[in-house]
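Residue-level listing of the chains:
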Amino acid sequence: MSKVVYLQIAEDLRARIQDGRLAPGESVPTEAELAAEWQTSRGPVRNALAALRAEGLVETGRGRAARVATRKPSQAVDVEIPFTRWAEAIGATPGALTQQISLRRADSRIASSFGIAEGEHVVEVLRLRFLDGRPTMFERLAYREDLGRILFEHDLDTLSITELLATNGFPRIDVVHEIDAIAADELDSSMLGIPVGAPILRLHRVARDAEGRVTEVSDDHYRSDIVRFTVAAAGGGNGRGASRGRQADGGPYLRGLQG
């Protein structure tokens, strides 16, 4: 129950920040005030504030109350925030244009990732994502057949696939991310409007369900002139407190915009 409460608190505070009820630099209600408002203990309140801090929406420090961040938010990759929610959190308008959705036979690479036999069916989605109308990320998504078939019933340009699958009983339980830099191929060039061979950032993702079965294998290709990934660590070098995030930084177009 505490998890549900902390998510509700985080959602409420996030909404207040996004619509201006809590302005940049303004103090967030204290833990005691929020605990009283939500009729809960301070544990869920602290979890909610930690989630917002990981998104870059609030800043906290020892001995002072949390306040709304004066900079644009950053998103920790470990926090499962879909692209749509990330874009909204940084004040940008998200967009999507699905290029292809198909049922196809898995090649050796995809089959190995899913732990299935080569030639078994998977559902593949190719989708271009936008920030304020600018091509920003090209998704190459593959899903296990049973849950992927749900996608054929919906307009993928208007929703978050992650949230759609979760509401249909297929939430991500465990997600592993890998980040690297690669050269744009011809498809990336065509979709993102960049030269072939230009450097792009790849976020490779493998998601599993509660039974440990792989449900999604995907590669998100980001324009490196718009988005960058950051790593910040807190503590005494023991690896704890590290957060990995993505930021949008497009010079004059998206100056200071982070996500």
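Residues numbered from 1 in each chain as written. Predicted model: local features only at pLDDT ≥ 70, side-chain atom pairs only at ≥ 80, totals over all residues. Heavy atoms only, no water.

A. Helix 3 (residues 42–55), seen in detail. With 14 residues, helix 3 should reach 20 Å at 1.5 Å per residue; the first-to-last C-alpha distance of 20 Å fits that figure. Looking at helix 3, one finds that the buried residues are Pro44, Val45, Ala48, Leu49, Ala51, Leu52 and Glu55. One face of helix 3 carries all of its buried residues, which in axial projection span an arc of 155°. (Helix = DSSP H or I, 4+ residues; strand = E, 2+ residues; numbered from the N terminus. Expected span 1.5 Å × (residues − 1). Buried < 20%, exposed > 50% of the residue type's maximum accessible area, 1.4 Å probe, protein only. Arc of directions from axis to C-beta.)

B. Structural view of the sheet that holds strand 4 (residues 94–105). Strand order in the open sheet formed by six strands is 4-5-6-9-8-7, with antiparallel pairing between adjacent strands. Whereas interior strands pair on both sides, the edge strands pair on one side only; in this sheet they are strand 4 and strand 7 (174–183). Put simply, the sheet's adjacent strands are angled 15° from each other on average, direction ignored. Bridge count between strand 7 and strand 8 (residues 199–208): ten bridges; the pairing is antiparallel. By the bridge assignment for strand 8, Ala181 is matched with Leu201. (Pairing = 2+ DSSP bridges. Axes fitted to C-alpha atoms, helices over the stretch in contact; angles between N-to-C directions.)

C. Representation of the pattern of salt bridges in the model. In total, this model carries 22 salt bridges according to the counting rule given. Between Arg129 and Glu139 there is a salt bridge, with the nearest N and O atoms lying 3.5 Å from each other. Of the two residues, Arg129 is situated in strand 5 (residues 121–131) and Glu139 in strand 6 (residues 134–144); the sequence distance between them amounts to ten residues. The residues Arg129 and Glu139 share a single accessibility class, namely buried. The partner of Arg172 in a salt bridge is Glu216, with the nearest N and O atoms 3.0 Å apart. Placement of Arg172 in the loop between helix 7 (161–167) and strand 7 and of Glu216 in strand 9 (residues 214–223) is noted, with a sequence separation of 44 residues between them. The class of Arg172 is partly exposed, set by a relative accessible area of 23%. In this structure Glu216 comes out as buried when scored by relative accessible area, which is 3%. Residues joined in a network through salt bridges with shared partners are Arg144, Asp146, Asp209, Glu211 and Arg213. (Salt bridge = Lys/Arg side-chain N within 4 Å of Asp/Glu carboxyl O.)

D. Seen up close, the environment of Leu52. Tracing the backbone through its elements, the reader meets Leu52 in helix 3. Residue classification places Leu52 among the buried positions, given a relative accessible area of 0%. With near-sequence residues (within four places) excluded, Leu52 lies in contact with Ala10, Leu13, Arg14, Leu57 and Val58. (Contact = heavy atoms within 4.5 Å.)

E. Inspection of the pairing of strand 6 at higher detail. Here strand 6 lies mainly inside the structure; eight of its eleven residues are buried. In this sheet, strand 6 lies alongside strand 5 in antiparallel orientation, the contact comprising ten bridges. Considered in strand 6, the bridge of Phe130 is made with Pro135. Following strand 5, the chain reverses through two residues before pairing antiparallel with strand 6; Asp132 in that reversal takes a positive phi of roughly 50°. The pairing of strand 6 with strand 9 spans seven bridges and is antiparallel. In the sheet register, Glu139 faces strand 9, and the bridge partner there is Asp220.

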